[in-house]
Amino acid sequence: MTTKGTRRRRKGWQRYSSRTFYLFASPWLLGFALLTALPLGYALAISFTNFDGHSPRWRWVGLRNYTELFGDADVLASMVRTLAFTAIAVPIMVAGGLGLAVLLNQRLKAVGLFRAIFFLPSVVPMVAAAIMWKLIFNRDVGILNEILDVISIPPVTWLVDPNAFYALVILILWGLGGGMVIMLAALQGVPAELEEAAIIDGANRWQVFRNVTVPMISPVIFFQVVTGVIFTFQIVIQPLLLSQTREVGQVTHVPESTHLFMVQVYEEYFANNRYGYASAMLWVFFLVILVVTLIVLRSSRLWVHYEVDSEADR
């Protein structure tokens, strides 16, 4: 009887635990189903149609949208620009965040204040930051050109080609504080004994940083690289808000150097009303991001070091 009673209570607790888990997880599961899974499935379905977002007279076109985009020179050019932008911006973002973290990991007076100042830009809303930098980059009244004028440098037209690309990179790098905080936490988790032992063995500070500190925080650097790649691939708001105010259809004109892939998708949706074609572009772009992320994950075996070996390495 005691054994049967114990089993009954154990099964009852398991059912209660499962119901409690699904009860607390249900808001997220419901949100994922309605706001992520359903839209993704809908976008995949209309990617095989000529749906324009308005007319009910749409029809199934099969793989025509996919074959067309692989022959579209504008799409391929925007993809190349996006890959180039990611290849330039991500290393600078990761290195810049690490450099700030190393600087602010020192024993300085009011170091907490400096950390707060560097972190503050990362919490400014994206739209507000883009509008602010658009005013800073303004050729006639922007403060950046005013500073250049003081040192006798002629004004620069920042928001047109080719300088628009550099303006976008500067805007993205302005938010290094978020990565700095993560890197700072990683640096503070490195055992001081390891660094002291390396110094006793005759290593200088650069050798300690390169051979001890960096390998110890390499998982965090890897995390920053992956999230940075995904973030830069999906940039769309910043190029639109930094661009000139001249309108083309319903979309602000974007300089060619900052006409990234997601900007092209935005134009296909809201200027050309090609919902099926734009949805096909998004699904192809999803596969591109997936492939690039998998390549980065694969490369981590060569430079990421963990304190505990994974099961695959044993």
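Residues numbered from 1 in each chain as written. Predicted model: local features only at pLDDT ≥ 70, side-chain atom pairs only at ≥ 80, totals over all residues. Heavy atoms only, no water.

Participant: Explain the overall build of the protein chain to me, please; I cannot follow it from the model alone.
Facilitator: The number of helices and strands found in the protein chain is 13 helices and two strands. Residue burial in the protein chain is summarised as follows: out of 314 residues, 35% are buried. In the protein chain, of all internal contacts separated by at least 6 residues, the share reaching a separation of at least 24 is 66%. Put simply, the protein chain shows about 19,700 Å² of open surface, and 66% of that area lies on carbon and sulfur atoms. (Helix = DSSP H or I, 4+ residues; strand = E, 2+ residues; numbered from the N terminus. Buried < 20%, exposed > 50% of the residue type's maximum accessible area, 1.4 Å probe, protein only. Contact = heavy atoms within 4.5 Å. Areas by Shrake-Rupley, 256 points an atom, 1.4 Å probe, with all protein chains shown as cover.)

Participant: Is there a simple way to explain the UniProt feature "transmembrane region" (unreviewed entry) in the protein chain in this structure?
Facilitator: Per the UniProt record, the feature "transmembrane region" (unreviewed entry) sits at residues 21-48, 83-104, 116-136, 164-187, 208-237 and 275-297. Regarding residues 83-104, the helix share stands at 95% and the strand share at 0%, and the terminal C-alpha atoms are separated by 32 Å. (UniProt positions renumbered as here; feature names shortened; annotations may be inferred.)

Participant: Just to check I follow, could you spell out the pattern of salt bridges for this structure?
Facilitator: For side chains bearing opposite charge, pairing can occur when the charged atoms are close. Scanning the entire structure with this criterion turns up three salt bridges. Of the charged contacts in the structure, one is a salt bridge between arginine 274 and glutamate 68, with a shortest N-O distance of 3.0 Å. Of this pair, arginine 274 sits in the loop between helix H12 (261-270) and helix H13 (275-303) while glutamate 68 sits in helix H2 (residues 64-70), and the two are 206 residues apart along the sequence. On the basis of relative accessible area, glutamate 68 is assigned to the partly exposed category, the value being 31%. (Salt bridge = Lys/Arg side-chain N within 4 Å of Asp/Glu carboxyl O.)

Participant: Quick question: what am I supposed to make of the environment of threonine 232 here?
Facilitator: Mapping threonine 232 onto the fold places it in helix H10 (residues 205-233). Here the alpha-carbon distance between threonine 232 and threonine 82, two residues 150 residues apart in the chain, equals 7.9 Å. Ignoring any residue separated from it by four or fewer positions in sequence, one finds threonine 232 in contact with Phe85, Thr86, Ala89, Val90 and Met93. Side chain to side chain, threonine 232 and threonine 86 meet in a polar contact 3.3 Å long. (Polar contact = N/O pair within 3.5 Å; in protein donor to acceptor, adjacent residues only side chain to side chain.)

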